[in-house]
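Architecture at a glance
Each chain is listed here by its residues.
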Amino acid sequence: MLINTIKELREQVKNWKKQGLTIGLVPTMGALHQGHLSLIKKCVEKCDKTIVSVFVNPIQFCPGEDLEKYPRTLDEDKKLCEDAGVNIVFAPSPKEMYGEGHILSNDFLTYVIPPFFYVDKLCGKSRVGHFDGVCTVVNKLFNIVQPDFAFFGEKDRQQLIILKKMVKDLNIPVEIVPCPIIRETSGLALSSRNKYLTDKGKLDALALSKILFNIKICYNKGIKDVKALKETAYAFLNNSHALEYLEFRDKDTLEEKFSADNNTIVFIAAKVENVRLIDNIAL
Ligand code: AMP
């Protein structure tokens, strides 16, 4: 069932809660692919009722990013959700979520701001304000749906860590369920933004996963020194890649690691054909 308004969604949720049913939420920006579907599948298995939100959240896009051209495929998304056993697709308009007005400005809208230590690095460094937008919209969705469980992909690992921190710091009564990264057989992590790439771009994009897999192999062979592990990346890079970062950080706190261990995540971001791609791997 497709619902566009907060009021209608709340009524449905209230009914389910009265019946003592557990509710799972899968927040997405749509253009659904197998990565999203893995979250949805997990939710359908675990919860009595599954709600998938499809909302291209304007306040998490920075100026100059792809807000306008971001793929919007609601009809296909709806069909995929129905086939997967989703009970509600919640697809509000920006006006429904934020009202009219100066939505991009925190002069006019209450924001949820994650701690600086978590956002001054990795994607937060180049996408200033991005995680404010993410935390604000996810907090709103949590308030609207009041789910028992919410499912997020490890593909966006910094986001997952920040949202876990938000839930803990603000005592939000929801359990965050992390879900593993789904990849093409080539290794490329699925992403709605892969649609922007040409065939050549998709081949060039394989460098990201190759770098991560190779680092994991080297780590498993006993190389722990981060500087040495980072140097292994250069063999995979050429002038079709603009590397933004390759960093080793703690899986919960995002503190930098100089010697890799089993709590280390390797994060990578690079532009290919001017498309910004991210990936990560746990050591
Ligand atoms: P998005 O629509 O890009 O905001 O993503 C919605 C959710 O799907 C987020 O929790 C993402 O981390 C997750 N997701 C996106 N791509 C993948 C993937 N390849 N594997 C697992 N989860 C993913």
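On a predicted model such as this, the values are computed, not experimentally measured, just so you know.

Considering the pairing of strand E6 (residues 175-179)
Two faces make up the sheet, and in a regular strand the side chains alternate between them. Sheet topology note: the strand E5 (residues 149-153)/E6 ladder contains five bridges and is parallel. Across the sheet, residue Phe-152 finds its bridge partner in E6, namely Pro-178. What joins E5 to E6 is helix H8 (residues 157-169), and the crossover it makes is right-handed.

Topic: the sheet that holds strand E9 (residues 275-282)
Strand pairs in the sheet, formed through backbone hydrogen bonds, run parallel or antiparallel to each other. Spatially, three strands are ordered E7-E8-E9 in an open sheet, and the strand pairing comes out antiparallel. Edge positions in the sheet fall to strand E7 (241-250) and E9, since each of these pairs with one other strand and no more. Neighbouring strand axes in the sheet, compared pairwise and without regard to direction, differ in orientation by 15° on average. Two elements, strand E8 (residues 264-272) and E9, share eight bridges in a ladder whose sense is antiparallel. Looking across to E9, one finds that Ile-265 is bridged to Ala-282. Of the strands in this sheet, E7, E8 and E9 are in contact with H8, which crosses E8 at around 130°. This element, helix H9 (residues 199-220), spans E7, E8 and E9 of the sheet and lies at about 20° to E9.

Some thoughts on the packing of aromatic side chains
The description of two aromatic rings rests on the distance between their centres and on the angle between their planes. Within the structure shown, the criterion is met by four aromatic pairs. Here Phe-55 and Tyr-98 contribute two aromatic rings whose centre-to-centre distance is 6.1 Å and whose plane-to-plane angle is 45°, an arrangement assigned as tilted. Here the residue Phe-55 occupies a position in the loop between strand E3 (49-54) and helix H3 (74-84), and Tyr-98 occupies one in helix H4 (residues 94-98), the gap between them amounting to 43 residues. With 6.5 Å between their ring centres and 80° between their planes, Phe-142 and Phe-152 make a pair best called edge-to-face. Remark: Phe-152 occurs in strand E5 and Phe-142 occurs in helix H7 (residues 130-145); sequence separation between them is ten residues. Using a relative accessible area of 3% as the deciding quantity, one classes Phe-142 as buried. We note Lys-69 situated over the ring of Tyr-196; from NZ or CZ to the ring centre the distance is 4.2 Å. Over the face of the ring belonging to Phe-117 we find Lys-121, whose NZ or CZ atom lies 3.5 Å from the ring centre.

As for the site of the ligand
Close contacts around the ligand come from 17 residues, with His-36, Gly-153, Asp-156, Ile-182 and Leu-190 the closest. At 2.9 Å from an oxygen atom of the ligand is found a main-chain nitrogen or oxygen belonging to Gly-153. Starting from 490 Å² of accessible surface for the ligand in isolation, the protein chains cover 92%. When residues of the shell around the ligand are traced back to their parent elements, those giving at least two are strand E2 (23-28), helix H2 (34-46) and E5. With three residues, H2 is the largest single contributor of residues to the shell around the ligand. Residues belonging to the shell around the ligand are distributed by class as follows: nine nonpolar, six polar and two charged.

Points about the packing of H2 against H3
The relative placement of two packed helices is expressed as an angle between their axes plus a distance between the axes. It is at 10 Å that the axes of H2 and H3 come closest, and there the two elements cross at 35°. Judged by the twist between their axes, the crossing of H2 over H3 is right-handed. Taking contact as the criterion, the partners of Leu-37, Ile-40 and Val-44 in H2 are, on H3, Leu-80, Cys-81 and Ala-84. Among the residues making up the contact of H2 with H3, the classes are represented as six nonpolar, no polar and no charged.

Points about the pairing of E7
Buried residues dominate E7, accounting for seven of its ten residues. Summarising the sheet, E7 and E8 pair through nine bridges and their orientation is antiparallel. From the neighbouring strand, Leu-243 faces E8, where its bridge partner is Ala-270.

What to know about H2
Over its 13 residues, H2 extends 18 Å from the first C-alpha to the last, a length consistent with the 18 Å expected when each residue adds 1.5 Å. Those residues of H2 that sit buried are Gly-35, His-36, Leu-37, Leu-39, Ile-40 and Cys-43. Where H2 is buried, its residues contact E2, E3, H3, E5 and E6.

How each quantity is defined
Residues numbered from 1 in each chain as written. Predicted model: local features only at pLDDT ≥ 70, side-chain atom pairs only at ≥ 80, totals over all residues. Heavy atoms only, no water. Pairing = 2+ DSSP bridges. Helix = DSSP H or I, 4+ residues; strand = E, 2+ residues; numbered from the N terminus. Right-handed = clockwise from strand over helix to strand, strands pointing away. Axes fitted to C-alpha atoms, helices over the stretch in contact; angles between N-to-C directions. Contact = heavy atoms within 4.5 Å. Phe/Tyr/Trp six-rings, centres within 6.5 Å; stacked < 30°, edge-to-face > 60°. Buried < 20%, exposed > 50% of the residue type's maximum accessible area, 1.4 Å probe, protein only. Lys NZ or Arg CZ within 6 Å of the ring centre and 35° of its normal. Near = heavy atom within 4 Å. Polar contact = N/O pair within 3.5 Å; in protein donor to acceptor, adjacent residues only side chain to side chain. Areas by Shrake-Rupley, 256 points an atom, 1.4 Å probe, with all protein chains shown as cover. Nonpolar A, V, L, I, M, F, W, Y, C, P; charged D, E, K, R; others polar. Left-handed = near helix turned anticlockwise from the far one by under 90°. Expected span 1.5 Å × (residues − 1).

In short, geometric facts, not functional conclusions.
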